[in-house]
Amino acid sequence: MRTGTFLGFVAPSVLSMLLLIAVPLVGVVYLALYQSHVKTEMVEVRTKVPLFGGLSRDQVSYVPQAVLDEDGRPIRVWDYVGMQNLAKASEIDELGRILTKPRDEASLPDMIDSMYRDITNLDFWSAFEFTMIYVVATTPLMLAVGFLLALAVNRATEQLKGSLIFVSLLPMIVTPVVSSLAVYWLFLDNAIVATVLRELGLGRIYFLKDAVTIRILIIAYGVWYAAPFAFIILYAGLQTVPKESLEAARVDGATRWQAIRLVTIPHLMPLFAVVVLIHLMDAYRVFEPILVFNSRVFASSLQYLVYIAMSFEDNIHRAAAYAVLTVIGIVILLTPVLISTWREQRSTP
Amino acid sequence: MSASDRLPLWLKSLNTAGLGIWLFVAMFPFLWMFLISFRLPVDAFSVPPQLFAPFTLRNFYGVWVTDGFWRYAVNTGVVTVFSVVISLAIACPAAYALSRYRGSLGFWLLVAALIFRAMPHVVLLTAYRPAFFSLGIWSRYETLIIVLTAINQPFTIWMMRSFFMNIPKELDEAALIDGCSRFQAFRLAIMPVMWPGVVTAALFAFLLSYNDFLISSQLMNGEMQTMTAALGNYMGQAKHLDKLMLGIAGAVSVTIPVIILIYLFQKQIVAGMTAGAVKG
């Protein structure tokens, strides 16, 4: 296919991505470098204040009022502020203060612990902390659960496989807000899980009001949500493992586990890499469970942080600064993976 | 598997038990949500929890009729149908070209699409907000449709490209030799055999639009909200059981179409997920 024809075919799709993904990305950087406010002027307001006997007196006061343009819309003034928004959003100053603050804890671990607690009290760093915990914790767990499921379903009877796949697709495909809500409703203080646990004599557990339980709950949700994806991909991969190699390994005296470790897993390696890559992207933007579980105090995330700054604080420049930091984060996270897949692509023609 | 590879009994039981536990864990949140959506608040959150309780459609009546959920359902219908159609219309030729073009431009376009796919949506939203406000196109069908279409593109072209790769090149080359232009070859020779791939891509484009909460809830307000975004109205209502029950009924209503879709198109969904990954 000639380059001209190629460009013609991809033009509409590329144009839509440029206009609504690439340009907004540039726009976010722009927003992060500026501050804006509505231009105001002091307007003289005269009011008649009644005195007595029908007499009145003019009272003059000055109130700020938005300056309007010809269309009657308030004029916004934009000031270039450089890195100021970004420095504020990343809380560089506070971070420096925490790191240099003299600490009187006795031992080194205690010192690090108190420093860590100070850092994770900052808005951005607490969101960053839990996002990273979520990414790091869910990735191996979803791989393990997905792989075990793939092995198990592979051994299930043929008639059962269809229904097993159907049910496994539910957590992944049902609207994430709904699946988060469904899990959230199970763990409310007066809902089934807490009630059953209490009936069993395990005491009263307030899942949503404790940092540890709510974090475990969100990570468990993340694994429950992502494992089916790993399962489907790895299950499809299992069908392509050459039976002869497996049988040869068994004949040579390998145990079942050794056959899996030495034949199956190496064969599925490229698929593990794909699953990890896609899961990293999705886990990094964890949002729905944080919103639904209302866990901001105990567990926040970067995407949630931008969302709050944008829609509740209505501070577009602060939100843009957080957004830029978020994008830098995802680029750092993905670069090693992208480079290694690129190398693989080149080495295998 | 050969006869020598039978699992010993203990491993077989472990396998069955594991699958049983997974089935329960995967289904239970949805099952319980369905079950309590047909109950009065007292029965839904009773101590101890009951398996059977009086049946009522009160919650569904409340959310669909009193709260006007049907309006949001209509919005969802309009937005998803148009965004799926436009998504596919522009992704099909792009994915076809990417599967046939050999230059490095194609590779870089795919890498760019992958990076775009990784962008958290809230980042884009931060830029949309001031831009759409000043353009005066806030809270309109067209705006949300176009935004969702663009956001669907990276995923859709990646998936469709791998479907097009499976269609032999000889097919369009023959058409070219017969005097077709590239576009005619694409339309007359390739598209007719591409329908299974198109159905799969349409399913995923639908799910991406239908499941979206973040963008829809921010770009549309009031009566223009989509069904998924409207669930936000019922969040954080743990203290008001009546309102909470309406939310549960709403969530069940959002889930039903998805479950029907998985039931009908399970094969296509699995094919779509594995297309990019397994075939490379």
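Residues numbered from 1 in each chain as written. Chains lettered and ligands numbered in written order. Predicted model: local features only at pLDDT ≥ 70, side-chain atom pairs only at ≥ 80, totals over all residues. Heavy atoms only, no water.

**Regarding the interface of chain A and chain B**
Reports often express the size of an interface as the amount of accessible area lost when the parts come together.
At step 1: On the chain B side, the residues contacting the 96 residues of chain A number 94 residues.
At step 2: The contact between chain A and chain B buries some 8500 Å² in all, and 80% of this surface belongs to carbon and sulfur atoms.
At step 3: Three residues stand out in chain A for area buried against chain B, namely Met1, Phe9 and Trp185 of chain A, and they jointly supply 9% of the buried area on that side.
At step 4: The shortest N-O distance in the salt bridge between arginine 117 of chain B and aspartate 282 of chain A comes to 3.8 Å.
At step 5: At the junction of chain A with chain B, the criterion picks out 14 residue pairs in polar contact (both at pLDDT 80 or more).
At step 6: Sort the elements by how many residues they give to the side of chain A that touches chain B and helix H1 (residues 3-33) of chain A lands first, with 18 residues.
At step 7: When grouped by side-chain class, the residues that make up the side of chain A that touches chain B number 70 nonpolar, 13 polar and 13 charged. (Contact = heavy atoms within 4.5 Å. Buried area = accessible area lost by both parts, 1.4 Å probe. Salt bridge = Lys/Arg side-chain N within 4 Å of Asp/Glu carboxyl O. Polar contact = N/O pair within 3.5 Å; in protein donor to acceptor, adjacent residues only side chain to side chain. Helix = DSSP H or I, 4+ residues; strand = E, 2+ residues; numbered from the N terminus. Nonpolar A, V, L, I, M, F, W, Y, C, P; charged D, E, K, R; others polar.)

**Points about the domain arrangement of chain A**
Residues and elements named next belong to chain A.
At step 1: Domain parsing of chain A yields domain 1 (3-80) and domain 2 (120-347).
At step 2: The C-alpha centroid of domain 2 is placed 41 Å from the C-alpha centroid of domain 1.
At step 3: Listed as interface residues are 9 residues of domain 1 and, on the opposing side, 7 residues of domain 2.
At step 4: Considering only the surface of domain 1 that becomes buried against domain 2, Val28, Leu31 and Ala32 emerge as the three largest contributors, covering 61% of it.
At step 5: The tally of links from domain 1 across to domain 2 stands at 0 salt bridges.
At step 6: Taken together, domain 1 and domain 2 are joined by 3 residue pairs in polar contact (both at pLDDT 80 or more).
At step 7: Taken together, the elements giving at least two residues each to the side of domain 1 that touches domain 2 come down to H1 and strand E1 (34-38).
At step 8: Sort the elements by how many residues they give to the side of domain 1 that touches domain 2 and H1 lands first, with 5 residues. (Domains from an automatic or database assignment.)

**Points about the environment of glutamate 173 of chain B**
Residues and elements named next belong to chain B.
At step 1: Here glutamate 173 shows up in helix H8 (residues 169-177).
At step 2: Judged by relative accessible area, glutamate 173 falls into the partly exposed class, the value being 39%.
At step 3: Glutamate 173 sits 12 residues away from alanine 185 along the chain, and the two C-alpha atoms are 8.1 Å apart. (Buried < 20%, exposed > 50% of the residue type's maximum accessible area, 1.4 Å probe, protein only.)

**Here's the deal with the packing of helix H6 (residues 158-173) of chain A against helix H1 (residues 9-37) of chain B**
At step 1: Following both chains from N to C, one finds H6 of chain A and H1 of chain B inclined at 45°, their axes separated by 9 Å at the closest point. Considering their axes alone, H6 of chain A and H1 of chain B lie oblique with respect to each other. Between H6 of chain A and H1 of chain B lies a crossing whose hand is left-handed. Every residue of H1 of chain B that contacts H6 of chain A at Leu164, Val167, Ser168, Leu170 and Pro171 of chain A is listed here: Leu19, Trp22, Leu23, Ala26, Met27 and Phe30 of chain B.
At step 2: A breakdown of the residues in the contact of H6 of chain A with H1 of chain B according to their chemical character gives 10 nonpolar, 1 polar and no charged. (Axes fitted to C-alpha atoms, helices over the stretch in contact; angles between N-to-C directions. Parallel < 35°, antiparallel > 145°, perpendicular 65-115°, else oblique. Left-handed = near helix turned anticlockwise from the far one by under 90°.)

**Side note on helix H3 (residues 58-66) of chain B**
Helical geometry: 3.6 residues make up each α-helical turn, so side chains three or four residues apart lie on a common side.
Residues and elements named next belong to chain B.
At step 1: What H3 keeps buried is the set Asn59, Phe60, Gly62 and Val63. In an axial view of H3, the angular spread of the buried residues amounts to 160°, which keeps them on one side of the axis. Along H3, exposed side chains directed more than 90 degrees from the buried face belong to Tyr61 and Thr66. (Arc of directions from axis to C-beta.)

**Description of the nonpolar core**
At step 1: In this structure, Met160 and Phe164 of chain B are the most contacted members of the largest nonpolar core, which totals 196 residues.
At step 2: In contact with methionine 160 of chain B, other than residues within four places in its own chain, are Leu88, Ala91, Cys92, Ala95, Met194, Gly197, Val198 and Ala201 of chain B.
At step 3: Counting residues in each nonpolar core, the second largest holds 5 residues, with Leu95, Ile98, Ile119 and Leu122 of chain A among its members. (Core = buried A, V, L, I, M, F, W, Y, C linked by side-chain atoms within 4.5 Å.)

**Here we look at the domain arrangement of chain B**
All names here are of chain B.
At step 1: Taken domain by domain, chain B consists of domain 1 (3-37) and domain 2 (68-279).
At step 2: The C-alpha-based centres of domain 1 and domain 2 are spaced at 32 Å.
At step 3: The interface of domain 1 with domain 2 comprises 4 residues on the first partner and 8 residues on the second.
At step 4: Interface of domain 1 and domain 2: buried area, both sides summed, is about 510 Å²; carbon and sulfur atoms make up 89% of it.
At step 5: Summed over the three residues of domain 1 that lose the most area to domain 2, namely Met33, Phe34 and Ser37, the buried surface amounts to 75% of that side.
At step 6: The tally of links from domain 1 across to domain 2 stands at 0 salt bridges.
At step 7: Joining domain 1 to domain 2, the criterion identifies 0 residue pairs in polar contact (both at pLDDT 80 or more).
At step 8: Here the residues of the side of domain 1 that touches domain 2 sort into 3 nonpolar, 1 polar and no charged.

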